[in-house]
Amino acid sequence: MSTPSALSLSVAFMLVCACGDASTSTTDTTSQTSMTTADTGATTSATTDSPGTSSGELPTSGDATTGISSTGVSPTDGTSTDGATTDLPGTTTGTASSTSTTGDDGPFTVYLDPAGDDANGGLSPDDAVLTLARAQEIIVAAAPDRDVEVRIAQGTYFGQNVTWTYYHPDHRISFMPIDYADGDGIDDIADRPVFDGEGEGVLLTLDVSPGEETHLEFYYLKIQHYLHYGVYFRGDRLDPEGGWNGGNRIFGVYFTEIGSLHVAGEEGYGAIDLVNSRNNDIRNNHFVAVENHAQKAGLMHGVYLAHHSRGNQIRGNQFTEISGDPIRVRDDSNANIIEENSFAETGSVAFYSDWYCDPDVNPNCTKPGGECPSWQNEFRDNELHCGYGGEQLPPFSYIQGGADYVPPGCPDHFADGWKRLSTSGNTTACP
């Protein structure tokens, strides 16, 4: 079990991008070269306006698009973009982590309430605390050798931001509504508790890089009015094999009004941002109005998979009004599966874009040793509607470098028979 570092409520870390420095993120769309292809395998555009680019082979495999769909794949909780619920309870069974154990005494539980007080002990609903930061202090002091549940009463929590450093490699830490039970759908709880950032940078940053699973889980929360991120899983980008975190889950969460279009500041980067974070399950969530102002619109993403973030699953989510590309992969972020999602009014270049900061193209690249392309990702069975500006976008794009360019110092996995990306079954309907 890890020994957590002291809590930090500072927002200084929120001034850096997903790669760890602001200058790189704020220029990740400059000098771009895109090679975009429709899911049928036809090239829709190829440009060579930066060094070392080429059109290359088309990174598609499997079935081509077979039809046009006029409806999106809604997350199974049945929540529309305005928060209405439409489906029957019980459609979201199996949401509990299959690897979690509760131990003989059941989970260690801390309670949050909008009327709570951080002077309280937090171990009963009548003695609830107010903040996630105080909840972590209680958990750190107890150091339970069992699952942990942070039970959150319905209502609105304003201005919260926490750097989360506690984890247990053998047990899960779950953040959930007070009335939630494993397997519940949205109709089985009173409502989502709301975390309103009031312009803070991020709600929660998991800031550990132990090289083992951390098992944080989030269920049926609403996260709004944050500038940079909603949730940020931050491993060590300079230690690909030993500095990761992972095995986390985000399920049924509603991310909305995140980015500089909604709160004061220069730019946001992603509703969910991963740096060297792997094997996470991001499922059944809503991403609605995740937007930067026009000058930085392309920097904001729904899910940003950066710096060796591997083996993540992004399934059954709804992306609506995302000013940048809703899915962005970056720098050796491999074997991720993006499947059965719905994308509408999202994207500036494509619905899925693959980018790495190439110092031969972009002088602002600061990672020692440079960045590398991503490999073996899958983009399948998604519903693709119009782009953010109402235009028809290609399913995917390579930005800087092109489809077949491997920078010096990066492994050439083409020689191993790898593909950069495989696609199948994506359907397009715009308008």
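Shown above is the structure to which this text applies.
Residues numbered from 1 in each chain as written. Predicted model: local features only at pLDDT ≥ 70, side-chain atom pairs only at ≥ 80, totals over all residues. Heavy atoms only, no water.

A.B. asks: It is not clear to me how the overall build of the protein chain should be interpreted in this structure. Could you clarify?
C.D. replies: Of the regular secondary structure elements, the protein chain holds 2 helices and 31 strands. Within the protein chain, buried positions represent 60% of all 431 residues. Considering only contacts within the protein chain whose residues lie at least 6 apart along the sequence, 81% involve residues at least 24 apart. (Helix = DSSP H or I, 4+ residues; strand = E, 2+ residues; numbered from the N terminus. Buried < 20%, exposed > 50% of the residue type's maximum accessible area, 1.4 Å probe, protein only. Contact = heavy atoms within 4.5 Å.)

A.B. asks: Help me understand the state of the cysteines, please; the structure alone is not making it clear to me.
C.D. replies: Note: disulfide means a covalent bond formed between the sulfur atoms of two cysteine side chains. Within the structure shown, the criterion is met by 3 disulfides. Through a disulfide, C357 is tied to C365; the S-S separation comes to 2.0 Å. Across the S-S bond of C357 and C365 the torsion is about -90°, and the bridge reads as left-handed. C365 carries the same exposure label as C357, and that label is buried. A disulfide bridge connects C386 with C430, and the sulfur atoms are separated by 2.0 Å. Between C386 and C430 the disulfide shows an S-S torsion of about 105°. By sign, it is right-handed. Of this pair, C386 sits in the loop between β28 (383-384) and β29 (396-399) while C430 sits in the segment after β31 (427-428), placing them 44 residues apart in sequence. Summarising the burial analysis for this pair, C386 and C430 share the class buried. (Disulfide = S-S within 2.5 Å.)

A.B. asks: Looking at this structure, I do not really get the environment of G246. What am I missing?
C.D. replies: Examined against the element boundaries, G246 turns out to sit in strand β13 (residues 245-246). A residue is classified by how much of its surface remains accessible, and G246, at 0% relative accessible area, is buried. Taking the C-alpha atoms as reference, G246 lies 8.9 Å from N312; in sequence the two are 66 residues apart. Other than its neighbours up to four places away in sequence, G246 contacts E212, E213, T214, H215, S277, R278 and N280.

A.B. asks: Is there a simple way to think about the side chain of H308 in this case?
C.D. replies: Checked against the element boundaries, H308 lands in the loop between β20 (301-306) and β21 (313-315). Exposure remark for H308: the relative accessible area of 5% places this residue in the buried category. Discounting chain neighbours no more than four positions away, the residues touching H308 are R237, P240, N276, R278, R330, D331, D332, S333 and K367.

A.B. asks: I'm lost on the pattern of salt bridges in this one. Help?
C.D. replies: Side chains that carry opposite charge are capable of pairing whenever their charged atoms lie near each other. Taken as a whole and judged by the stated rule, the model has 18 salt bridges. K367 is the salt-bridge partner of D331, the closest N and O atoms lying 2.6 Å from each other. Residue D331 is found in the loop between β23 (327-330) and β24 (337-339), and its partner K367 is found in the loop between β26 (352-355) and β27 (377-380); the two are separated by 36 residues along the sequence. Note on D331: relative accessible area 1%, which makes it buried. The residue R420 makes a salt bridge to D354 at a minimum N-O spacing of 2.9 Å. Highlighted residues: R420 in the loop between β29 and β30 (421-424) and D354 in strand β26, separated in sequence by 66 residues. (Salt bridge = Lys/Arg side-chain N within 4 Å of Asp/Glu carboxyl O.)

A.B. asks: Mind showing me how you'd approach the sheet that holds strand β14 (residues 249-251) here?
C.D. replies: Within a sheet, each strand pairs with its neighbour through backbone hydrogen bonds, oriented either parallel or antiparallel. An order of β3-β4-β7-β10-β14-β18-β21-β24-β27-β30 is seen for the 10 strands of this open sheet, with the pairing classed as parallel. Looking along the sheet, the strands with just one partner apiece sit at the ends: β3 (108-112) and β30. Averaged over all adjacent pairs, the angle separating strand axes in this sheet is 10°, with direction ignored. As defined by bridge partners, β21 adjoins β24 across 3 bridges and the pair is classed as parallel. Directly across from I314, in β24, lies its bridge partner I338. Against the sheet, helix α2 (residues 132-142) engages β3, β4 (148-152) and β7 (173-177), with an angle of about 160° to β3. (Pairing = 2+ DSSP bridges. Axes fitted to C-alpha atoms, helices over the stretch in contact; angles between N-to-C directions.)

A.B. asks: Please clarify how the sheet that holds strand β19 (residues 286-290) should be interpreted in this entry.
C.D. replies: Across the sheet, 9 strands lie side by side as β5-β8-β11-β15-β19-β22-β25-β28-β31; this open sheet has parallel pairing. At either margin of the open sheet sits one strand with a lone partner, and together these are β5 (156-158) and β31. Examined bridge by bridge, strand β25 (residues 342-346) and β28 share 2 bridges and lie parallel to one another. By the bridge assignment for β28, S342 is matched with E383.

A.B. asks: How should I be thinking about the pairing of β7 in this particular structure?
C.D. replies: Consecutive side chains along a regular strand alternate between the two faces of the sheet. In terms of burial, β7 is largely enclosed, as 5 of its 5 residues are buried. As paired elements, β4 and β7 share 5 bridges and run parallel to each other. Of the residues in β7, the one forming a bridge with E149 is S174.

A.B. asks: Help me understand the nonpolar core in this model?
C.D. replies: Considering soluble globular proteins, one finds that nonpolar side chains tend to be buried as a cluster. Counting 61 residues, the largest nonpolar core has W164, F175, F218, F255 and F287 as its most contacted members. A total of 5 residues in this core trace back to one element, the largest contributor, which is α2. Core analysis: the next-biggest nonpolar cluster, separate from the first, contains 13 residues, V202, Y269, V275 and V349 among them. (Core = buried A, V, L, I, M, F, W, Y, C linked by side-chain atoms within 4.5 Å.)

A.B. asks: So what exactly am I meant to see when it comes to α2 here?
C.D. replies: Count 3.6 residues to each turn of an α-helix, and residues three or four apart come out pointing the same way. Taken residue by residue, α2 has L132, A133, A135, Q136, I138 and I139 as its buried positions. One or two residues past the end of α2 sits A143, with phi positive at roughly 45°.

A.B. asks: Honestly, the packing of aromatic side chains in this entry has me stumped. Any pointers?
C.D. replies: A ring pair, where both rings are aromatic, is described by two values, the distance of the centres and the angle of the planes. Inspection of the entire model under this criterion finds 19 aromatic pairs. Considering the side-chain rings of Y180 and Y219, the 5.1 Å spacing of their centres and the 20° angle between planes classify their relative orientation as stacked. With Y180 in the loop between β7 and β8 (194-196) and Y219 in strand β10 (residues 216-219), this residue pair connects regions lying 39 residues apart in the sequence. We classify Y180 as buried; its relative accessible area is 2%. Seen in terms of ring centroids, F396 and Y398 are 6.1 Å apart; in terms of plane orientation they differ by 70°. Their pairing is edge-to-face. Its relative accessible area of 0% is what places F396 among the buried residues. Lying over the aromatic face of W375, R420 brings its terminal NZ or CZ to 5.9 Å of the ring centre. (Phe/Tyr/Trp six-rings, centres within 6.5 Å; stacked < 30°, edge-to-face > 60°. Lys NZ or Arg CZ within 6 Å of the ring centre and 35° of its normal.)

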